[in-house]
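Geometric and topological summary
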Amino acid sequence: MSSYDVDLFVIGGGSGGVRAARIAAGYGAKVMVAEEYRVGGTCVIRGCVPKKLMVYASRFSDEFHEAAGFGWTVPEAKFDWATLIANKDKEIDRLEGIYRANLEKAGVEIIDSRAVIEDPHTVRLINTGTLVRARYILVAVGAHPTMEPVVPGGELGITSNEVFHLKSLPKRILVIGGGYIAVEFAGVFAGLGSETTLLHRGDKLLRGFDEDVRDALGDAYARRGINLALSKTVSRLDKQADGIAATLSDGSVLNVDQVLVATGRRPNTNGLGLGKVGVTLDAAGAIVVDAYSQSLIPSIYAVGDVTNRANLTPIAIREGHAFADTVFGDKPTMVDHSLIPTAVFSTPEIGVIGCTETLAEVRYGEVEVFKTSFRSMKATLSGSQDRVLMKIIVEKATDKVVGVHVVGEGAGEMIQLAGIAVTMGATKADFDRTVAVHPTAAEELVTMRTPYMVKKAVAAE
Ligand code: NDP
């Protein structure tokens, strides 16, 4: 008889952990999942899903405004924060229920408790003190928002954990950071009517994205009335009778009602017992794993944001699935992290797959860049001054498309489909022979014929 209580103990009921648990159970493994907060994890409970619902809410203001050009008279639109939050919470409750039900249907036992590792095969449930012996332990505990930089009064700020439960829509908000979360929430609050300042230490938003995309987003946000405070930091926050006074690095003071700190996330590895059993962490506190998500301790694996590889829900799901296939399905599977389509749900939206122009030059030598920027057909009547940006980067030697970048309405949807072609290794000639769907914005992706420029990489010479 086995000396283990379970074949697999998963710590963390988020995207990666839930997928791993269900697939492993499907292979016949006896599986337990411990979750200390709510099943569904960051994505479902306080990340992608509620965020996207808020993004949808924020975009109605544009629609109401733009409807006039198409002949509509829209009475003064009023927004009620409490209704949005209540409806969003109802949907999140429903999704959590589905996650729980799916685990139970798969025969997985859910433990509503924090769990810590005692030794390579033992987990302790904090609520009861019970020890559970497991053949394998999967750590899928995700990450948490940081409150950096640490400044006097910094505790007056909130993070993306609290932003989903504010009692009211802030009249004035300062968002700190220039990454995914800061950019997305600045767009949400501006769309909902808050006076929004987006403060970032760099001179452009979204470091790591293509420079044209960064420029297009900066222009669009300035046009939307978002106060961009670039190349600045916050020196201190002080409570005022009517809000918070933020003193900035240039000495100016900004009075706001809320400060949202979105300056990155850190793996949730503190206090898990990892050091005690010899699991190695990197400088950022992430669990070091191999291509099969195995840590240095053979019985302990880790997937998702706690490994800080590519911190995206679909990647955590893939890693969880690959782990289960490898360990319980006798199908060793690695996850390819090299080509990941991604979207930023700013308004306008951003969709990206593959290399930026700068990276492509370094990686591929001579590259051709196809680029177009135009006002969409809808904008001709709506009066919107927003421009759509599309950019395709091609390796000259092979004609292979190595990067696609879209800024504009529906960019996330477009890049999911363009991503199939790029993942398959499509060439520019394949894009060219694809018949356009007319009239759409996306047709520009298959009708750009003349390279905007041909560049030789310094590194390749
Ligand atoms: P990001 O890493 O995307 O961005 C962090 C931002 O904070 C950067 O602009 C960074 O500046 C800035 N920053 C970091 N440290 C400091 C500091 N000490 N002082 C001032 N500014 C600082 O993190 P997010 O929190 O926005 O998001 C976390 C991750 O979650 C993302 O990387 C992404 O993987 C995922 N995510 C994905 C989404 C999606 O797919 N749509 C949506 C939301 C999150 P600098 O650039 O100068 O380093």
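Residues numbered from 1 in each chain as written. Predicted model: local features only at pLDDT ≥ 70, side-chain atom pairs only at ≥ 80, totals over all residues. Heavy atoms only, no water.

With that settled, consider the nonpolar core. Within the largest apolar cluster, 37 residues are counted, with the highest numbers of intra-cluster contacts made by Val163, Val183, Phe185, Leu198, Leu206, Tyr221 and Ile350. Elements with a minimum of two residues in this core: helix H3 (48-66), helix H4 (81-105), strand S8 (172-176), helix H5 (180-192), helix H6 (211-223), strand S17 (342-344) and strand S18 (350-354). For this core, the leading source of residues is H5, giving eight residues. Core analysis: the second largest hydrophobic core is formed by 24 residues, Ala34, Ala115, Val123 and Val306 among them. (Core = buried A, V, L, I, M, F, W, Y, C linked by side-chain atoms within 4.5 Å. Buried < 20%, exposed > 50% of the residue type's maximum accessible area, 1.4 Å probe, protein only. Helix = DSSP H or I, 4+ residues; strand = E, 2+ residues; numbered from the N terminus.)

On to the sheet that holds S8, then. Paired through backbone hydrogen bonds, the strands of a sheet run either parallel or antiparallel to each other. Strand order in the open sheet formed by four strands is S10-S9-S8-S14, with parallel pairing between adjacent strands. Looking at strand neighbours, the two that pair on one side only are strand S10 (227-230) and strand S14 (258-261), the edges of this open sheet. Each strand of the sheet is rotated relative to its neighbour by a mean of 20°, with strand direction disregarded. Bridge count for strand S9 (residues 195-200) against S10 is four bridges, and the pairing is parallel. When the sheet's bridge partners are listed, His200 is paired in S10 with Leu230. (Pairing = 2+ DSSP bridges. Axes fitted to C-alpha atoms, helices over the stretch in contact; angles between N-to-C directions.)

Attention shifts here to the side chain of Asp305. Within the secondary structure, Asp305 is located in the loop between strand S16 (300-302) and helix H8 (313-328). Buried charge without a salt bridge: Asp305, with Arg265 as the nearest opposite-charge side chain at an N-O distance of 4.5 Å. Contact partners of Asp305, with chain neighbours within four places excluded, come to Gly142, Ala143, Arg265, Pro267, Asn311 and Leu312. (Lys, Arg positive; Asp, Glu negative; His and termini not counted. Salt bridge = Lys/Arg side-chain N within 4 Å of Asp/Glu carboxyl O. Contact = heavy atoms within 4.5 Å.)

So, on to a nonpolar patch on the surface. A cluster of nonpolar side chains, Tyr56, Phe60, Phe64, Phe70, Trp72, Val74 and Leu381, forms an exposed patch at the surface whose accessible area comes to about 740 Å². When residues in the nonpolar patch are grouped by element, the largest group, three residues, is from H3. Within the secondary structure, Phe70 sits in the loop between H3 and H4. (Patch = residues over 30% accessible without salt bridge, like charges linked within 9 Å, V, L, I, M, F, W, Y side chains within 5 Å. Areas by Shrake-Rupley, 256 points an atom, 1.4 Å probe, with all protein chains shown as cover.)

The environment of the ligand is formed by 19 residues, the closest being Ile181, Arg201, Arg207, Asn311 and Ala343. Separating a nitrogen atom of the ligand from a side-chain N or O atom of Glu184 is a distance of 3.0 Å. At 2.8 Å from an oxygen atom of the ligand is found a main-chain nitrogen or oxygen belonging to Asn311. A total of 910 Å² of accessible area belongs to the ligand in isolation, and the protein chains cover 78% of it. The class makeup of the residues in the shell around the ligand is seven nonpolar, six polar and six charged. (Near = heavy atom within 4 Å. Polar contact = N/O pair within 3.5 Å; in protein donor to acceptor, adjacent residues only side chain to side chain. Nonpolar A, V, L, I, M, F, W, Y, C, P; charged D, E, K, R; others polar.)

Overall, the coordinates contain nine aromatic pairs when judged by the stated rule. Ring pairing ties together the aromatic residues Trp81, Phe164, Phe185 and Phe189, which thus form one cluster. Cation over ring: Lys428 sits above Phe370, and NZ or CZ is 4.2 Å from the ring centre. (Phe/Tyr/Trp six-rings, centres within 6.5 Å; stacked < 30°, edge-to-face > 60°. Lys NZ or Arg CZ within 6 Å of the ring centre and 35° of its normal.)

What follows is about the pattern of salt bridges. Scanning the entire structure with this criterion turns up 33 salt bridges. With its nearest N and O atoms 3.4 Å apart, the salt bridge here joins Lys276 to Glu118. Placement of the pair is Lys276 in helix H7 (residues 274-277) and Glu118 in strand S4 (residues 115-119), with a sequence separation of 158 residues. Taking the relative accessible area as the measure of exposure, Lys276 reaches 57% and is therefore exposed. A salt bridge links Glu409 to Lys378, with the nearest nitrogen and oxygen atoms 3.7 Å apart.

Here we come to unusual backbone geometry. The omega torsion across Thr347 and Pro348 is 5°, close enough to zero to call that bond cis. Note on placement: Pro348 falls in the loop between S17 and S18. Here His438 and Pro439 are connected by a cis peptide whose omega angle stands at -5°. In this fold, Pro439 is placed in the loop between helix H12 (428-433) and strand S22 (453-455). A positive phi is found at Ser231, a non-glycine position, where the angle reads about 55°. One can find Ser231 in the loop between S10 and strand S11 (234-240). With relative accessibility at 48%, the residue Ser231 sits in the partly exposed group. Within the chain, Ser293 stands out as a residue other than glycine whose phi angle is a positive 70°. Its place among the elements puts Ser293 in the loop between H7 and S16. Classification of Ser293 by relative accessible area gives buried; the value is 4%.

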